[in-house]
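# Structure assessment
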Amino acid sequence: MLFGLLFALAAGLMWGLVFVAPVMLPGYAPALLTVGRYLAFGLIALPLALALDRRALRELLPADWWEAAKLSLIGNFLYYLCLSAAIQRAGAPLPTMISGTLR
C-alpha cells in the first residue's frame, strides 16, 4: 500500500511538470517543448515495453502501429503543443485551470 501511495504521489508530481516546463523554458518554442517531451517519453517507454511485453508488441500489425501513431499525434502531441503555447502566452494559472476542469 505504501508503494502504491508513493507511486501515485510521484505520478502527480511528474504530471505537474507539464505545466511548469513551458514557464521555466520561455525561450523554447512550444513545438520544440512538445517534441522533446514525447521523445523523452518514448526513450523511457520503449525499452520498458520491449523488456516487459515483447511478445505482445510482435503481435501488433502495421495498421495497429499506424492507428496508435495517429491517435497519439492528435490526442497527445496536439494537446501539449496547444497547452505549452497557452502557458507561454497566458501564464500558467489560466491554462492549468481550464485543463484541470476538462479532466
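Coordinates for the structure precede this section.
Before going into details, it helps to say that this report is about the structure given with it. All chains use their own residue numbering, which begins from 1 and follows the written sequence. Given that the model is predicted, a residue must reach a pLDDT of at least 70 before its local features are reported, and side-chain atom pairs must reach 80 or more before they are shown or counted; all residues, however, enter totals for whole chains, interfaces and linings. To obtain the side-chain values, all non-hydrogen atoms of the structure were included, while hydrogens and water were left out.

This next bit is on the pattern of salt bridges. The salt bridge criterion pairs a side-chain nitrogen of Lys or Arg with a carboxyl oxygen of Asp or Glu, the two atoms within 4 Å. Applying the stated criterion across every chain yields a total of one salt bridge. Where Lys 70 meets Glu 67, a salt bridge forms, and the shortest distance between an N and an O atom there is 3.3 Å. One end of the pair, Lys 70, and the other, Glu 67, are both in helix H3 (residues 62-90), three residues apart, so they sit about a helical turn from each other. Elements are defined by DSSP. Helices are runs of H or I of four residues or more, strands are runs of E of two residues or more, and each kind is numbered from the N terminus.

Here the focus is the nonpolar core. Judged by nonpolar contacts, Val 18, Phe 19, Leu 33, Tyr 80, Leu 83 and Ile 87 together constitute the single largest core of six residues. Contributing elements (two or more residues each) for this core: helix H1 (2-24) and H3. Residue contributions to this core peak at three residues, all from H3. In these notes, a set of buried Ala, Val, Leu, Ile, Met, Phe, Trp, Tyr and Cys residues joined through side-chain atoms within 4.5 Å is what counts as a nonpolar core. Partly exposed residues are those whose accessible area sits between 20% and 50% of the maximum for their type, while under 20% is buried and over 50% is exposed, using a 1.4 Å probe and protein chains only.

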